[in-house]
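Read off the chains here:
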Amino acid sequence: MKASQFHLHTQREVPADAEIVSHRLMLRTGMIRKLTSGIYTWTPLGLKVLRKVEQVVREEMDASGCLEMLMPAVQPSELWTETGRWGDFGPLLLKMTDRAGREYAFGPTHEEVITDFARFELKSYKQLPICLYQIQTKFRDEIRPRFGVMRAREFLMKDGYSFHMDDDCLADFYQVMHETYSRIFSRLGLKFKAVRADSGAIGGAMSHEFHVLAESGEDQIAHVPDGSFAANVELAEALAIGERQLPGEELQLVDTPEARTIADLVEGFKLPVEKTVKTLIVHAAEDAEHALIALLVRGDHELNAVKAEKLPQVAGPLKMADEETIRAAIGAGPGSLGPVKLPIPMVIDRTVAAMSDFGAGANIDDKHYFGINWERDVELPEVADLRNVVAGDPSPDGDGKLELIRGIEVGHIFQLGKKYSESMNAVIMDEQGKARHPAMGCYGIGVSRIVAAAIEQNHDDRGIIWPEPIAPWEVVILALNQHKAHRVREKAREIYDALRVAGVEVLVDDRPLRPGVMFADMELIGIPHQLVIGERGLDQGVVEYRQRGGESREIPVGEAVGFLREAIDLPNQAQPLRPMQ
RNA sequence: CGGGGUGUAGCGCAGCCUGGUAGCGCAACUGCUUUGGGAGCAGUAGGUCGUAGGUUCGAAUCCUGCCACCCCGACCA
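This report concerns the structure included in the present document. (Residues numbered from 1 in each chain as written. Chains lettered and ligands numbered in written order. Predicted model: local features only at pLDDT ≥ 70, side-chain atom pairs only at ≥ 80, totals over all residues. Heavy atoms only, no water.)

1. Digging into the overall build of chain A
Secondary structure assignment for chain A yields 16 helices and 30 strands. Projected onto the principal axes, the alpha-carbon positions of chain A cover approximately 90 × 70 × 55 Å. Counting the 581 residues in chain A, one finds 51% classified as buried. Taking contacts inside chain A between residues at least 6 apart in sequence as the whole, the part at least 24 apart equals 69%. For chain A, the accessible area works out to roughly 27,000 Å², and carbon and sulfur atoms hold 49% of it. Computed over 66 positive and 89 negative side-chain charges, the separation of the two mean positions in chain A equals 7 Å. (Helix = DSSP H or I, 4+ residues; strand = E, 2+ residues; numbered from the N terminus. Buried < 20%, exposed > 50% of the residue type's maximum accessible area, 1.4 Å probe, protein only. Contact = heavy atoms within 4.5 Å. Areas by Shrake-Rupley, 256 points an atom, 1.4 Å probe, with all protein chains shown as cover. Lys, Arg positive; Asp, Glu negative; His and termini not counted. Charge placed at Lys NZ, Arg CZ, Asp CG, Glu CD.)

Right under this line is the structure:
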């Protein structure tokens, strides 16, 4: 490709609303253009990268025996009513009405459509197992779209669905998908981690998320460096810290007029933060004995909303009580709450249950109890895992200590089981001629998000540094002043042709620009290999090679093509597997 | 959804308080010079000032409604 014939439109200045580096660089390079909130146009440059990601995903899915298809983006409400998700999916679902008043959703995912397809297409155990997938535009009406295509409303996703006669077959294929995903992210040149996402809310179902590791990631991952444990913080099990000691202090009521927060208590009364307890008041489930429920965590710990919502007594979604409600029920404000003589039910975190001689509010304004001990001063309430894990916590799985890192979720695989095949009554005849609901798995990859995640992980102050497999071009030839220098033009043309014949994806920058602009542009758009051809070098019979971000070196003109072919990684193709036989 | 903020040329911004013919930088276009790290000079083009109404002799500027976009949102208990 000649740069003069491509639409390159880079910018030095960035729209003020771009916050993270991938968003800024995608706008500055001109890869994307915002149409409206959370909705983007992919320009020719951006699309080249998007298609490369897509192609790697497609090749690996195909190599694992999956079959590509394409389902409609627009789906009738009836299917969603069947599974109950027309309401359950909530405001994320973009709904629309046609001229006859029929209701539709723009698909945020396709379990309903694929299950509907399956109940017509899949009749016999002889057709199973099977995995069908598509790469398609989805729409989720996010509350707050941000970070460009990282959290967009419209996005490109690969979604796959597998069907199996039994759970064992599903579990085996799930493992195949786990490996397939690992190969995909490896081939894309990304540093990633597979983490456990749910250990069994639905009877033995398994789920893993795949995260691209990056400081700017929206998700926190707890893991043990030896690889024995990795999970999203939302779900990582928090064990009790320490064991409960016998009471060593008397219970005492203390005047604490200025102490509204844990920090105030720690500073004003020399109470170690590990000896304090936070009392959080949330709304209870509708059928609970009281309208409110108290959740207690240690002063320096955070409540985990996902875990709290799983408690049957707690209203979902989690809703904190406001001060007025708290006063009406307890008679004290939020700064003075605690377990002693608390008039509403409570659930305490495992670590809180292991504490002794601790301080907490007295449920009287401006007073706290110090030296509180379970059983002696308060009956031990229900104990549950309520908090987020913190760095240094014991691993729930083995010996190590947890570390926290950040990641961008780019893939998610899940054993669905029979949830959809049962609710939509998809049945398959087994070998005994008996109708059975197939077990299903689903497997998603955020294709457009991967582009942004790759940039988050690979950039410097000059721009993007593409991993070779997804770079828009493998090589760029900078033909300095070629519009004036015939020798440069001819040599650039010669090397360009030779590289193309050799199957290398090459861009030649033949624009009549000053060299500095060309350097800056090509580094901004992040092409991995750069060949500079100028009169100065040609006088000495050399051209200059530089890897993006690396040092430059001179290459004799005649060896340039051979050198580049060596420098570029051999194409890493998918290795065919036959997992489903 | 709640709170806050912003809408002026493709991008970044000034002008608004104190009403009087809409400006700057970058980008774009033309010409000349320049040419190994985002050039210089000269010139050109581009804006219903988000939108609807109101006040006024006169509104980007003051007032009201609407729309769009952005940021923050248990973690102070």
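2. Considering the sheet that holds strand 29 (residues 542-547)
With respect to topology, 5 strands assemble into an open sheet ordered 27-26-28-29-30, the strand pairing being mixed. Here the strands that pair on one side only, and so sit at the sheet edges, are strand 27 (506-509) and strand 30 (552-556). Within the sheet, the average angular offset between the axes of one strand and its neighbour, ignoring direction, is 25°. Summarising the sheet, strand 29 and strand 30 pair through 5 bridges and their orientation is antiparallel. What sits directly across from V543, in strand 30, is I555. Sheet strands touched by helix 13 (residues 486-501): strand 26 (475-479), strand 27 and strand 28 (529-533). Its angle to strand 26, the strand with the most contacts, is close to 165°. (Pairing = 2+ DSSP bridges. Axes fitted to C-alpha atoms, helices over the stretch in contact; angles between N-to-C directions.)

3. A closer look at the nonpolar core
The biggest cluster of nonpolar side chains holds 68 residues, and the ones touching the most others in it are M31, Y181, F185, L188, Y443 and W466. The biggest single contributor to this core is helix 6 (residues 167-187), with 8 residues. If we ignore the near neighbours within four places in the chain, the residues touching Y181 are M61, K158, F210, G411, H412, I413, Y443, G444 and I445. (Core = buried A, V, L, I, M, F, W, Y, C linked by side-chain atoms within 4.5 Å.)

4. Comments concerning a negative patch on the surface
Judged by side-chain charge, D166, D167, D168 and D172 come together as a negatively charged surface patch. Within the secondary structure, D172 sits in helix 6. A relative accessible area of 54% means that D172 is categorised as exposed. (Patch = residues over 30% accessible without salt bridge, like charges linked within 9 Å, V, L, I, M, F, W, Y side chains within 5 Å. Salt bridge = Lys/Arg side-chain N within 4 Å of Asp/Glu carboxyl O.)

5. Some details on the sheet that holds strand 18 (residues 367-372)
Read across the open sheet, the 3 strands follow the order 13-18-17; overall the sheet is antiparallel. Looking at the sheet topology across the chains shown, the edges are occupied by strand 13 (252-255) and strand 17 (358-364). Here the average twist between neighbouring strands, direction ignored, is 35°. When strand 13 meets strand 18, the two strands line up antiparallel, connected through 4 bridges. Bridge pairing in strand 18 places Q252 opposite F370.

6. Some thoughts on the protein's contact with RNA strand B
Around RNA strand B, the structure places 48 residues, and the nearest of them are T261, P334, E523, E544 and R546. With respect to RNA strand B, the side chain of R12 contributes an N or O atom lying 2.4 Å from a sugar or linking oxygen. Taking R536, its side chain carries an N or O atom lying 2.9 Å from a sugar or linking oxygen of RNA strand B. When residues of the surface near RNA strand B are traced back to their parent elements, those giving at least two are strand 1 (32-36), strand 14 (277-283), helix 14 (515-524), helix 15 (535-539) and strand 29. Take the surface near RNA strand B: its biggest share by element is 7 residues, from helix 14. For the surface near RNA strand B, the per-class residue count stands at 17 nonpolar, 11 polar and 20 charged. (Near = heavy atom within 4 Å. Polar contact = N/O pair within 3.5 Å; in protein donor to acceptor, adjacent residues only side chain to side chain. Nonpolar A, V, L, I, M, F, W, Y, C, P; charged D, E, K, R; others polar.)

7. Thoughts on the packing of aromatic side chains
Taken as a whole and assessed by the stated rule, the structure comprises 12 aromatic pairs. Arranged with centres 5.8 Å apart and planes meeting at 80°, the rings of F173 and Y443 form a pair that is edge-to-face. On the criterion of sequence distance, the pair formed by F173 in helix 6 and Y443 in strand 23 (residues 439-446) is long-range, its members being 270 residues apart. Accessibility classification places F173 together with Y443 in one group, the buried group. (Phe/Tyr/Trp six-rings, centres within 6.5 Å; stacked < 30°, edge-to-face > 60°.)

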